[in-house]
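Chain by chain, the residues run as shown.
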Amino acid sequence: LKARLKALEKVVGAEEDDSADDDSLVQALTEWRAELCREKGCPAFVIMHQKTLLKIARAKPASYEELLAIEGISKKRCDAYGEAILEIIKKHTDS
């Protein structure tokens, strides 16, 4: 999983020296999405593309409005998943 995340970060132009904290947040967001996919019985990209999860991890939005400003986050996705995403971010930034 770590190797795949690193490869995807390079594809979307992420910095080579991203912190371990960002990696940890990306992993937490990816695991959250995987669990949601298992519950809904759908592929991961239906919930959110990995590229979008990487953007969220870099931006670390603290509000609904900041999350909505990220490319790949529609109002519908923000309404459906915003609370969970913001909680994951808060847990990672508080620790």
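Presented here is a report on the structure given in the accompanying data block. (Residues numbered from 1 in each chain as written. Predicted model: local features only at pLDDT ≥ 70, side-chain atom pairs only at ≥ 80, totals over all residues. Heavy atoms only, no water.)

Quick notes on the pattern of salt bridges
Right, so step 1: For the coordinates displayed, the defined rule picks out 5 salt bridges.
Right, so step 2: With a closest N to O distance of 2.2 Å, K60 and D22 form a salt bridge. Here the residue K60 occupies a position in the loop between helix 4 (50-59) and helix 5 (64-68), and D22 occupies one in helix 2 (residues 20-40), the gap between them amounting to 38 residues.
Right, so step 3: One salt bridge connects K90 with D94, and the closest N-O pair in it is separated by 2.9 Å. Pair noted here: K90 and D94 are both in helix 6 (residues 75-94), with a separation of 4 residues, about one helical turn. (Salt bridge = Lys/Arg side-chain N within 4 Å of Asp/Glu carboxyl O. Helix = DSSP H or I, 4+ residues; strand = E, 2+ residues; numbered from the N terminus.)

Considering helix 4
Right, so step 1: Judged by how many residues are buried, helix 4 sits mostly within the fold: 7 of 10 residues are covered.
Right, so step 2: Among all positions in helix 4, only Q50, T52, L53, L54, K55, I56 and A57 are buried.
Right, so step 3: Backbone geometry just after helix 4 places K60 at a positive phi near 45°. (Buried < 20%, exposed > 50% of the residue type's maximum accessible area, 1.4 Å probe, protein only.)

What about the state of the cysteines?
Right, so step 1: Summed over all chains, the structure comprises 0 disulfides.
Right, so step 2: The cysteine C37 is free of any disulfide, with C42 supplying the nearest cysteine sulfur at 4.4 Å. (Disulfide = S-S within 2.5 Å.)

Here's the deal with the nonpolar core
Right, so step 1: With 23 residues, the main nonpolar core has L29, I47, M48, I56, L67 and I85 as its most contacted residues.
Right, so step 2: Considering every element that reaches this core, the biggest residue donor is helix 2, with 7 residues. (Core = buried A, V, L, I, M, F, W, Y, C linked by side-chain atoms within 4.5 Å.)

Examining the packing of aromatic side chains
Right, so step 1: Across all of its chains, the model carries 1 aromatic pair by this definition.
Right, so step 2: Taken together, a centroid distance of 5.7 Å and an interplanar angle of 75° make the contact between W32 and Y81 edge-to-face. With W32 in helix 2 and Y81 in helix 6, the pair connects residues that are 49 residues apart, well separated along the chain.
Right, so step 3: With relative accessibility at 16%, the residue W32 sits in the buried group.
Right, so step 4: Take Y81: its relative accessible area is 12%, and that puts it in the buried class. (Phe/Tyr/Trp six-rings, centres within 6.5 Å; stacked < 30°, edge-to-face > 60°.)

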